[in-house]
Amino acid sequence: MKARYQKPLNPFPTTGYYGPDYFCDRESETEQIVGLLQNGQSCLLIGKRRLGKTALIHHIRHFLPKTWGFVYLDILPTENESQLLNSLGTALLQHFPEKDPLGKRIWDFVKTLRPVISFDQLNGIPQVSFQISQAQRPVMDILDFLSKLEKPVVIAIDEFQQIHSYPEKNTDAWLRAAIQQLQNVFFLFSGSQQTILSELFSDPSRPFYRSANPFLLKPIDHGEYRDFIINIFKKHGKTLRPELVDQMLDWTKCHTYYVQSLCNRVFQLDKKEYTEEDWKSCAQKILDEGETFFLYYRTLLSTQQWKLAVAISRTGRIFSPTSKNFIQDHQLGSGATVLKSLQALIDKELVSQDSDSEGKSYYEVNDVFFERWVQTKFGIG
Ligand SMILES: Nc1ncnc2c1ncn2[C@@H]1O[C@H](COP(=O)(O)OP(=O)(O)OP(=O)(O)O)[C@@H](O)[C@H]1O
Ligand SMILES: [Mg+2]
């Protein structure tokens, strides 16, 4: 059976997944991950914030066999293993309706673990909560039960880095053991780059990537995104010239969420033909509206961190943040101060490290609109 998707209000959605028609490229990533899952291998999708990890998980689901079970859970709101169990239980009951024969078996099984099941008064969606302190055993029991079903089940756990903030310190270890033992249950973990990567490589005794194939998500190819955007406008009887799309992709650094946001705005203009002024005025409006939010960043940071965030934004990419020129130009104090602030900005996920096509490492701020706002306020350089 083909999955049905709601039509988005605007063909450039900035939240959610609306099916392949509104999804650009990611063909090779989808093909590889679907292929691995179909061969019984779990995967770990790592990527910068807002690059399209969650949407890609749903896209992958679209291409998995329709007979397979697929359970998605976003564990960002969870704070410990017990809440992870609640999240898993809830996702299961929400995914498998009780009236289906398979759903009935799953509901019956979850009920043997004696949870409190409540239903949202408005939409009837079930919510599960277990009143226990030790969650590892019931999670394993659920996974074990799923592995004995006739059909394979993929469990997608989004914002996976969250487990590192649990008070229990060995969640990844027993999950890893679960991955290795279970047949017919495969995992698709996903999370933001910095925390997962540092955890993966800082501790050789925890080689999670050996149990789940790691994928580092990159920005969508510029040319692919250009064609995709032009086509969507064309389908709606609108003409956006390639050179304008190129300018828009450069301005948003081809970073998915920011591209989508700008295109969404431009699409809203009641026009058939666009000029450079049109997209630029949309971009300016986005920055004006974001200003309160950008200024709020300042209250979250120390003076040194703010100065460094501004300096990195003005530069776009900084290859040597402790170089004499950079420090002098932006009056950042000493190299040691810069390094300390840089680590704080990385920990807060405001800045991330990346490498260019030649493998040279650089830093940039994650929020492209913040970067552009700083550049209009304080200049480029
Ligand atoms: N390949 C794509 N084509 C078109 N739109 C996309 C694509 N990937 C993601 N998007 C859209 O971009 C927006 C942000 O994507 P998404 O939420 O998946 O990013 P994310 O990496 O999960 O972000 P976060 O780090 O905040 O969790 C969503 O509206 C999504 O629909
Ligand atoms: Mg996400």
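Small disclaimer: the values here were computed from a predicted structure and weren't measured.

Draft legend 1. Geometry of the domain arrangement of the protein. When its domains are assigned, the protein resolves into domain 1 (26-216) and domain 2 (301-381). Each of domain 1 and domain 2 has a C-alpha centre, and these two points are 35 Å apart. In this assembly, five residues from domain 1 lie in contact with four residues from domain 2. Across the side of domain 1 that touches domain 2, the residue classes tally to no nonpolar, three polar and two charged.

Draft legend 2. Representation of the pairing of strand S5 (residues 153-158) within the structure. Of all six residues in S5, five are buried; the element is thus mostly enclosed. Sheet topology note: the S5/strand S6 (residues 185-192) ladder contains five bridges and is parallel. Counterpart to alanine 156 in the pairing with S6 is leucine 188. With respect to chirality, the unit in which S5 leads through helix H6 (residues 171-181) into the neighbouring parallel S6 is right-handed.

Draft legend 3. Region of the structure containing the packing of helix H11 (residues 276-300) against helix H15 (residues 368-378). Remark: H11 packs on H15, axes separated minimally by 10 Å, with the N-to-C direction vectors making an angle of 95°. It follows that H11 is roughly perpendicular to H15 by the angle criterion. Only Phe369, Phe370, Arg372, Trp373 and Thr376 of H15 make contact with H11, whose side of the interface consists of Ile286, Leu287, Gly290, Glu291, Phe294 and Tyr297. When the residues that make up the contact of H11 with H15 are grouped by side-chain class, the tally is seven nonpolar, two polar and two charged.

Draft legend 4. Structural view of the pairing of S6. Counting buried residues along S6, eight of its eight residues qualify, which places the element largely inside the surrounding structure. Relative to S6, strand S1 (residues 42-47) runs parallel, the two sharing five bridges. Opposite leucine 44, over in S6, you have phenylalanine 189 as the bridge partner.

Draft legend 5. Representation of helix H9 (residues 242-251) within the structure. Three or more residues of H9 are buried, namely Val245, Met248 and Leu249. Projected onto a plane normal to the axis of H9, the buried residues spread over an arc of 100° and lie on a single side. Across H9 from its buried face, at more than 90 degrees, point the exposed residues Glu243 and Asp250. Tucked into the core, H9 has its buried residues touching helix H8 (222-235), helix H10 (256-268) and H11. A positive backbone phi angle near 55° is found at lysine 253, which sits one or two residues after H9.

Draft legend 6. Structural detail: the site of ligand 1. As a structural note, the neighbourhood of ligand 1 is formed by 22 residues, with Cys24, Gly52, Lys53, Thr54 and Ala55 the closest of them. Those elements that provide at least two residues to the shell around ligand 1 are helix H2 (53-63) and H10. Residue composition of the shell around ligand 1, by class: eight nonpolar, nine polar and five charged.

Draft legend 7. The packing of helix H3 (residues 81-95) against helix H5 (residues 136-147), seen in detail. Relative orientation of the contacting elements H3 and H5 amounts to 25°, with a least axis distance of 9 Å. One way to sum up the angle between H3 and H5 is to call them roughly parallel. In this structure, the crossing between H3 and H5 has a hand that is left-handed. Within the contact between the two elements, H3 uses Glu81, Leu84, Leu85 and Leu88 and H5 uses Gln136, Pro138, Val139 and Ile142. The class makeup of the residues in the contact of H3 with H5 is six nonpolar, one polar and one charged.

Draft legend 8. Representation of the sheet that holds S5. As summarised here, the arrangement of the five strands in space is S2-S5-S6-S1-S7, forming an open sheet in which the pairing is parallel. Edge positions in the sheet fall to strand S2 (69-74) and strand S7 (212-216), since each of these pairs with one other strand and no more. Strand-to-strand, the axes of this sheet are offset by a mean angle of 15°, without reference to chain direction. Where S1 meets S7, five bridges bridge the pair, whose relative direction is parallel.

Calculation rules
- Residues numbered from 1 in each chain as written.
- Chains lettered and ligands numbered in written order.
- Predicted model: local features only at pLDDT ≥ 70, side-chain atom pairs only at ≥ 80, totals over all residues.
- Domains from an automatic or database assignment.
- Contact = placed C-beta atoms within 7 Å.
- Nonpolar A, V, L, I, M, F, W, Y, C, P; charged D, E, K, R; others polar.
- Buried ≥ 20, exposed ≤ 12 C-beta atoms within 10 Å, placed from the backbone.
- Helix = DSSP H or I, 4+ residues; strand = E, 2+ residues; numbered from the N terminus.
- Pairing = 2+ DSSP bridges.
- Right-handed = clockwise from strand over helix to strand, strands pointing away.
- Axes fitted to C-alpha atoms, helices over the stretch in contact; angles between N-to-C directions.
- Parallel < 35°, antiparallel > 145°, perpendicular 65-115°, else oblique.
- Arc of directions from axis to C-beta.
- Near = placed C-beta within 6 Å.
- Left-handed = near helix turned anticlockwise from the far one by under 90°.

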